[in-house]
Amino acid sequence: MQQDLATANGSAAGSSHNSSTSEMQEDVHANGNATEGEDKCSYANGVPRTTVHLDQTERDIVRLIGQHLKIVGLERSAELLMEESGCCLEHPSAIKFRTHVLSGDWVKADHDLQELHPLIEGKHNSIGEMRFLLLEQKYLEFLEEGRPLDALHVLRNELTPLQHNTPRVHQLSSYMMCANNEELYQRASWEGKGVKSRNKLMDRLQNFLPPTVMLPPRRLRSLLSQAVEMQTERCTCHDMAWETNIDNVSLLVDHCCSQDEFPMQPLQVLNEHCDEVWYCKFSPDGLKLATGSKDTSVIIWDVDPKAMCVKQRRTLDGHTYGVSFIAWHPDSKHLIVGGPEDCPDLWIWNIEEEKLRTKMSHSPEDSLTCAAFSQDGTRFVTGGVRGQFYLCDIDGTIHDTWDGVRVNGLYFKSDNRTVLAADTHHRIRSYAFDAPRGDQTIVQEQHAIMTFSVNSSERLALLNISQQGLHLWDLQDRCLVRRFQGVTQGNYTIYSTFGGIHESFVASGSEDNKVYIWHIKREEPLARLVGHTRTVNCVSWNPVYPALLASASDDGTVRLWGPKNIPQHATNSESDDCSSTSSSSSCMTT
């Protein structure tokens, strides 16, 4: 509130109905003159009467506008509004109370509480709390003014007898030992005597007064903020890089984010693989894309975020059984490549040096179909459906094993010791390899978990469930949050992903040849991306440049999706080096 609020409320005090008490007249003369029109306002049983015929909603709106006009300093406009409408902004007793609080007249403010007593809800407790807050401010101001004896009197003879919030009384008494005012401000988290601290006090006191007596602080702004928040929650494409609030959106129109910046338009079709493409994954730094195929190769693509395209860097060959999964190292310089169920080997590549770091081959009976690096990059876990579950260093040396666990999906948590593993019993369980060992069930589904992914906060998990589709689980509360609609999921291995600036969206491949996108709070799909001609096995959302989405399909292609309005430089010659094929694919939104 502004410093002139005390004057404003004093002026409003003069507008009360023909008060004949000398104290009320003194307040009116001291703080402002009453307008003639405001004499029309009167109260009956604490409820204002108006001479203009207004229903309850209209009176509330008038009062809200009047309060806001006063806050921004339009005193005369507020008075004219009250005069013309016949409404009263606040109860006369409340006006006096505000005036005395803001002027620091604690004796009169305490007397005003007695007048307000019949109007206050939860009377006894509320009156006691309000009196305590008044005396607390009075005590602190005495300390600031260098009047320790007066402060001690308030503490002993006024605050303590209330027998209210004794721990706070003890805390207040410790402030007597402050060496100077700066220490007092810091220890009490208090701004000092003045308009700012008294306005904050008044805001706290208003919480005990019913709105018919005194409006809550800045009520109109609060309602508008709630409206903006509700519109933001309902916005289907909302995922702003900044926090949306009343100060940075227009109140003249409803908030609605455009789909133009969303990755729903086909940008590139990559045809370099010569067989089904089973996997695609952007690197943690967002500057590389790795794609793996049944043709036994991995292709590394450099991402150009300005041109919104990718161009081929290197092909990694020799993965005998085909490439069914890829795991990036946190440094975006190394990656693990693995194959389908009958593959016993892992390949660990150094992308920067473009060479194979090591090939891990523990036993020809192994099935290594999934892997995940620890967050610090020093270790990784790998396993498969034949019962292998290994903890290894980056060179592939096995440091620990967990016998008898058949896994088909892994995630290494940020504590660098806990691993989440999906197994053949339709569960996700947590495993701690470090001593003491421990494991527990986090998720239990009724059907097979084909794949799963975890968001960056490690609170939510996306599960692709056989014959069911895509499920969202809360890992902390261990409950199913949402079943996303639309996707076709049979017995194929399909990978889904979180995406967007705040990971507010999810995307998944589908056996109906489409890419599906949902808002994380809604079950119905936001968009269906059409273009692939066979099952879409995997999607990857760029973690750094959320306008880019990649999808891999059995049709042998990888498709790059981006915003409708590509920046102008993306159409210039700098994008000519990008490996791309013009596509006539279309996007179907819902």
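The following paragraphs examine the structure supplied in this document. Because the structure is predicted, anything quoted here is derived from the model rather than measured. (Residues numbered from 1 in each chain as written. Predicted model: local features only at pLDDT ≥ 70, side-chain atom pairs only at ≥ 80, totals over all residues. Heavy atoms only, no water.)

## Here we look at the packing of aromatic side chains
Aromatic ring pairs are reported here in terms of the distance separating the ring centres and the angle at which the planes meet.
For step 1, the next point in the chain: This structure, assessed with the given rule, holds 12 aromatic pairs.
For step 2, the next point in the chain: Judged by centre distance (4.7 Å) and plane angle (70 degrees), the ring pair of Phe262 and Phe505 falls under edge-to-face. With a gap of 243 residues between them, Phe262 in the loop between α12 (219-234) and β3 (265-270) and Phe505 in strand β25 (residues 505-508) connect regions that are remote in the sequence.
For step 3, the next point in the chain: Using a relative accessible area of 7% as the deciding quantity, one classes Phe262 as buried.
For step 4, the next point in the chain: The exposure class of Phe505 is buried, given its relative accessible area of 0%.
For step 5, the next point in the chain: Measuring from ring centre to ring centre gives 5.5 Å for Trp402 and Phe433, while their planes differ by 90 degrees; the resulting arrangement is edge-to-face. Linking Trp402 in the loop between β15 (398-401) and β16 (407-412) with Phe433 in the loop between β18 (427-432) and β19 (438-444), this pair joins segments that are 31 residues apart in sequence.
For step 6, the next point in the chain: In this structure an aromatic cluster arises from ring pairing among Phe389, Trp402, Tyr431 and Phe433.
For step 7, the next point in the chain: The ring of Trp402 carries Arg437 above its face, with NZ or CZ at 4.5 Å from the centroid. (Phe/Tyr/Trp six-rings, centres within 6.5 Å; stacked < 30°, edge-to-face > 60°. Helix = DSSP H or I, 4+ residues; strand = E, 2+ residues; numbered from the N terminus. Buried < 20%, exposed > 50% of the residue type's maximum accessible area, 1.4 Å probe, protein only. Lys NZ or Arg CZ within 6 Å of the ring centre and 35° of its normal.)

## What to know about the pairing of strand β30 (residues 558-562)
For step 1, the next point in the chain: Counting buried residues in β30 gives five out of five residues, a clear majority hidden from the surface.
For step 2, the next point in the chain: Every second residue of β30 is oriented toward a common face, with Val558, Leu560 and Gly562 on one face and Arg559 and Trp561 on the other, all of them buried.
For step 3, the next point in the chain: Inspection of the sheet shows β3 paired to β30 by five bridges, in the antiparallel sense. What sits directly across from Pro266, in β30, is Trp561.
For step 4, the next point in the chain: As paired elements, strand β29 (residues 549-553) and β30 share four bridges and run antiparallel to each other. From the neighbouring strand, Ser551 faces β30, where its bridge partner is Arg559.
For step 5, the next point in the chain: Connecting β29 to the antiparallel partner β30 that follows it, the hairpin turn spans four residues, and Gly556 within it adopts a positive phi of roughly 85 degrees. (Pairing = 2+ DSSP bridges.)

## Comments concerning the sheet that holds β19
For step 1, the next point in the chain: Strand order across the open sheet formed by four strands is β16-β17-β18-β19, with antiparallel pairing between neighbours. Of all strands in the sheet, those with a lone pairing partner are β16 and β19, marking the two edges. Pairwise comparison of adjacent strand axes, ignoring direction, gives a mean angle of 25 degrees for this sheet.
For step 2, the next point in the chain: With six bridges joining them, β18 and β19 adopt antiparallel strand pairing. In the sheet register, Ser430 faces β19, and the bridge partner there is Gln440. (Axes fitted to C-alpha atoms, helices over the stretch in contact; angles between N-to-C directions.)

## Regarding the pairing of strand β24 (residues 496-499)
For step 1, the next point in the chain: Burial along β24 is two-sided: Ser496 and Phe498 and Thr497 and Gly499, pointing in opposite directions, are all buried.
For step 2, the next point in the chain: Bridging between β24 and β25 involves four bridges; their strand directions are antiparallel. Residue pairing for β25: Phe498 is matched across the bridge by Val506.
For step 3, the next point in the chain: Here β24 folds back onto β25 in antiparallel fashion, the turn holding five residues, of which Gly500 has a positive phi close to 95 degrees.

## Brief notes about the nonpolar core
For step 1, the next point in the chain: Grouped together as the largest cluster of nonpolar side chains are 46 residues, with contacts concentrated most on Leu289, Val298, Leu335, Ile336 and Phe380.
For step 2, the next point in the chain: Among the elements that make up this core, the one with the highest residue count is strand β6 (residues 298-304) (five residues).
For step 3, the next point in the chain: Sequence-distant contacts of Leu289, that is, excluding residues within four places in its chain, are made with Cys280, Lys281, Phe282, Ile299, Ile300, Trp301, Val303, Trp328, Ala550 and Val558.
For step 4, the next point in the chain: Listed in part, the 19 residues of the second largest apolar core include Val101, Ile120, Met202 and Leu205. (Core = buried A, V, L, I, M, F, W, Y, C linked by side-chain atoms within 4.5 Å. Contact = heavy atoms within 4.5 Å.)

## A word on the environment of Ser283
For step 1, the next point in the chain: By the element assignment, Ser283 lies in the loop between β4 (277-282) and β5 (288-293).
For step 2, the next point in the chain: Between the C-alpha atom of Ser283 and that of Lys333, which follows or precedes it by 50 residues, the distance is 8.6 Å.
For step 3, the next point in the chain: Beyond its immediate chain neighbours, meaning those up to four positions away, Ser283 contacts Lys288, Trp328, Ser332 and Pro543.
For step 4, the next point in the chain: Side-chain polar atoms of Ser283 contact the side chain of Asp285, separated by 2.6 Å. (Polar contact = N/O pair within 3.5 Å; in protein donor to acceptor, adjacent residues only side chain to side chain.)

## Points about the environment of Asp285
For step 1, the next point in the chain: One can find Asp285 in the loop between β4 and β5.
For step 2, the next point in the chain: In this structure Asp285 comes out as partly exposed when scored by relative accessible area, which is 28%.
For step 3, the next point in the chain: Along the sequence, Asp285 and Pro543 sit 258 residues apart, while their C-alpha atoms lie 7.4 Å from each other.

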